[in-house]
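As a plain string of letters, each chain reads:
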Amino acid sequence: MESTERTEQRKTVLSGIQPTSRLTLGNYLGALKNFVAMQEEFDSFYMVADMHAITVRQEAAELRRRSVETAALFMACGIDPEKSTLFIQSSVPEHVMLTWVLNCNTYMGELNRMTQFKDKSARHADNINAGLFTYPVLMAADILLYQAHLIPVGADQKQHVELTRDLAERFNKLYGNTFVVPEPYIPKVGARIMSLQEPENKMSKSDPNPNGYIAMLDDPDTIVRKIKRAVTDCEECISPDRCCPGVYNLLTIYSACSGKTLEEAAGELEGQGYGVLKARTADAVVSVLEPIQKEYARILQDKRYLNDTLVNGAEKAQRRARRTVSKVYHKVGFDSVKR
Ligand code: AQP
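Residues numbered from 1 in each chain as written. Predicted model: local features only at pLDDT ≥ 70, side-chain atom pairs only at ≥ 80, totals over all residues. Heavy atoms only, no water.

**Describing the site of the ligand**
And then number 1: Neighbouring the ligand are 23 residues; Asp156, Ile193, Ser204, Lys205 and Ser206 lie closest to it.
And then number 2: Lysine 120 is positioned such that a nitrogen or oxygen atom in its side chain is 2.8 Å from an oxygen atom of the ligand.
And then number 3: Protein chains bury 97% of the 640 Å² of accessible surface belonging to the ligand in isolation.
And then number 4: Elements supplying a minimum of two residues to the shell around the ligand: strand S1 (12-17), helix H2 (25-38) and helix H7 (115-123).
And then number 5: Classifying every residue of the shell around the ligand by side-chain character gives 6 nonpolar, 12 polar and 5 charged. (Near = heavy atom within 4 Å. Polar contact = N/O pair within 3.5 Å; in protein donor to acceptor, adjacent residues only side chain to side chain. Areas by Shrake-Rupley, 256 points an atom, 1.4 Å probe, with all protein chains shown as cover. Helix = DSSP H or I, 4+ residues; strand = E, 2+ residues; numbered from the N terminus. Nonpolar A, V, L, I, M, F, W, Y, C, P; charged D, E, K, R; others polar.)

**Looking at helix H10 (residues 220-228)**
And then number 1: Residues Thr222, Ile223, Lys226 and Ile227 constitute the buried set of H10. Buried residues of H10 fall within an arc of 125 degrees about the axis and therefore sit on the same side. Exposed and oriented more than 90 degrees from the buried face of H10 are Asp221 and Lys228.
And then number 2: Tucked into the core, H10 has its buried residues touching helix H11 (245-258) and helix H13 (274-301).
And then number 3: Its side-chain oxygen placed 3.1 Å from the backbone nitrogen of aspartate 221, aspartate 219 serves as the N-cap of H10. (Buried < 20%, exposed > 50% of the residue type's maximum accessible area, 1.4 Å probe, protein only. Arc of directions from axis to C-beta. Contact = heavy atoms within 4.5 Å.)

**Digging into the domain arrangement of the protein**
And then number 1: Domain boundaries assigned for the protein yield domain 1 (2-186 + 303-332) and domain 2 (210-297).
And then number 2: Domain 1 and domain 2 are separated by 30 Å when their C-alpha centres are compared.
And then number 3: Buried area between domain 1 and domain 2, both sides added, is near 1,200 Å², and the carbon and sulfur share of it is 79%.
And then number 4: Interface area lost by domain 1 to domain 2 is led by Leu25, Leu73 and Ala76, which between them contribute 42%.
And then number 5: Along the contact surface separating domain 1 from domain 2 lie 0 salt bridges.
And then number 6: Of all the elements in the fold, those that place two or more residues in the side of domain 1 that touches domain 2 are H2 and helix H4 (60-77).
And then number 7: Of the residues assigned to the side of domain 1 that touches domain 2, the class counts are 9 nonpolar, 1 polar and 3 charged. (Domains from an automatic or database assignment. Buried area = accessible area lost by both parts, 1.4 Å probe. Salt bridge = Lys/Arg side-chain N within 4 Å of Asp/Glu carboxyl O.)

**Details of the packing of aromatic side chains**
And then number 1: Counted under the stated rule, the structure contains 8 aromatic pairs.
And then number 2: On the numbers, 4.5 Å between centres and 5 degrees between planes, the contact of phenylalanine 35 with tyrosine 46 is stacked. Pair noted here: phenylalanine 35 is in helix H2 and tyrosine 46 is in strand S2 (residues 43-48), with a separation of 11 residues, a long-range link. For the pair phenylalanine 35 and tyrosine 46, a shared accessibility class is recorded, and that class is buried. (Phe/Tyr/Trp six-rings, centres within 6.5 Å; stacked < 30°, edge-to-face > 60°.)

**Things to note about the packing of helix H5 (residues 94-103) against helix H14 (residues 303-332)**
Angle between the axes and distance between the axes: these two values describe a pair of packed helices.
And then number 1: Where H5 contacts H14, the axes come no closer than 9 Å and their chain directions differ by 25 degrees. Classified by the angle their axes make, H5 and H14 are roughly parallel. Crossing angle aside, the handedness with which H5 passes H14 is left-handed. Residue-level inspection shows Glu94, Met97, Leu98 and Val101 of H5 in contact with H14, the latter providing Gln318, Ala321, Arg322, Val325, Val328, Tyr329 and Val332. (Axes fitted to C-alpha atoms, helices over the stretch in contact; angles between N-to-C directions. Parallel < 35°, antiparallel > 145°, perpendicular 65-115°, else oblique. Left-handed = near helix turned anticlockwise from the far one by under 90°.)

**A look at the confidence of the model for the protein**
Residues shown with low pLDDT carry predicted positions that ought not to be read at fine detail.
And then number 1: Summary statistics for the protein give a mean pLDDT of 93 and a share of 95% for residues scoring 70 or more.
And then number 2: Note that residues 1-5 has pLDDT below 50 and, in this model, 2 contacts with residues that lie over four places away or in other chains. (pLDDT = per-residue confidence, 0-100.)

**As for helix H9 (residues 158-175)**
And then number 1: When the terminal C-alpha atoms of H9 are compared, their 26 Å separation across 18 residues agrees well with the 26 Å that a helix rising 1.5 Å per residue should span.
And then number 2: Taken residue by residue, H9 has His160, Val161, Leu163, Thr164, Leu167, Ala168, Arg170, Phe171 and Asn172 as its buried positions.
And then number 3: Glycine 176 sits one or two positions beyond H9 and adopts a positive phi of about 90 degrees. (Expected span 1.5 Å × (residues − 1).)

**Comments concerning the pattern of salt bridges**
And then number 1: Counted according to the given criterion, the structure contains 14 salt bridges.
And then number 2: Here glutamate 69 ties to arginine 65 by a salt bridge, and the two come within 3.1 Å at their closest N and O atoms. Remark: arginine 65 and glutamate 69 occur in helix H4; sequence separation between them is 4 residues, near one turn of the helix.
And then number 3: Residues aspartate 156 and lysine 202 are paired through a salt bridge, measuring 2.8 Å at the closest nitrogen-oxygen approach. Of this pair, aspartate 156 sits in the loop between strand S4 (150-152) and H9 while lysine 202 sits in the loop between strand S5 (183-185) and H10, and the two are 46 residues apart along the sequence.
And then number 4: Overall, the relative accessible area of 32% leaves lysine 202 in the partly exposed class.
And then number 5: Each of the salt bridges in this network shares a partner with another, and the network as a whole consists of Arg22, Arg65 and Glu69.

**Looking at the pairing of S1**
And then number 1: Most of S1 is tucked away, with 5 of its 6 residues classed as buried.
And then number 2: Inspection of the sheet shows S1 paired to S2 by 6 bridges, in the parallel sense. Counterpart to isoleucine 17 in the pairing with S2 is valine 48.
And then number 3: A crossover links S1 with its parallel partner S2, the connecting element being H2, and its sense is right-handed. (Pairing = 2+ DSSP bridges. Right-handed = clockwise from strand over helix to strand, strands pointing away.)

Written out as structure tokens, the structure is:
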């Protein structure tokens with residue numbers, strides 16, 4: 001059997017992360033860790049979402065550098081370019097080609113309901129651009145282009161995957177079966193890692209307070225210091241329910257990084273103070289991130305290999321994406337001229 005045929009019998013997974021800044025532990029536990037696990041079983045497409053990144057102003061040289069560094073970090077986490085298709089979104093122009101068609105099949109009311117648009121436009125009140133508003137349509141195109149079945153994301157992206165499902169179903173109904181209708185894949189532990197300083201908000205890489213997040217490239221001393229300063233909001237009570245968001249968040253991080261369930265982690269720490277919870281959490285985070293950091297430094301030294309990997313990834317992604325775009329362009333009537 002042809003290897004391409006074998007590949008296409010497996011279900012497809014697609015996901016991406018914006019290279020907007022240094023990635024956080026939230027990006028790792030909510031998304032990247034699953035990307036790595038899923039590549040063993042699925043035909044996997046993972047992208048650095050640089051086109052999404054410019055919904056917020058970016059400096060060109062820095063965006064270029066961060067896009068490549070983010071791809072290196074994906075590889076350092078265990079994304080294997082032999083098993084997965086790893087690419088930078090803007091190197092596959094089909095993403096934009098499909099976006100326009102989907103834009104014309106998306107209602108303003110649907111986009112108005114997106115909570116991330118509301119959050120981001122509040123944070124960037126001086127630049128509420130149309131791209132910020134239509135970001136979920138580009139994300140739908142990312143997913144539908146590759147006919148992805150499963151989308152590994154953190155909980156904050158669930159609403160966008162639901163919109164993608166609605167758009168796929170609408171298009172399939174209007175034009176005949178065209179797109180696979182995808183499902184979100186949200187991890188049981190780690191789907192929503194919260195800020196260490198404001199545990200009612202998501203840990204976010206663009207948080208202006210660096211003590212709120214752990215960057216994947218923070219050195220061990222910084223990780224220990226940030227976790228020591230984390231807000232703990234109750235009297236000494238370490239329990240797997242959400243009564244104290246700050247403590248629950250640390251317990252979640254400890255559980256996700258140590259491989260223990262929340263109940264096991266809480267049982268182990270029962271009756272001990274927050275000092276012990278913080279020390280164990282910091283140790284667990286360092287032992288997950290330190291090997292990734294070493295591998296990242298190694299991969300970054302070989303710029304040529306990194307570039308070749310991304311060129312190959314883009315070509316492979318584009319071959320798949322082109323098939324969907326030709327099908328869609330035919331269905332909507334864009335192929336009137338035969339060359
Ligand atoms: N705190 C988090 N907990 C769990 N999962 C998270 N993700 C992000 N933060 C957490 C997941 O990481 C993937 C990539 O996210 P993204 O960078 O493309 O966009 P985002 O969700 O807007 O992430 P940030 O860190 O908040 O970025 P900025 O600050 O640049 O806006 C997604 O699957 C997301 O769920």
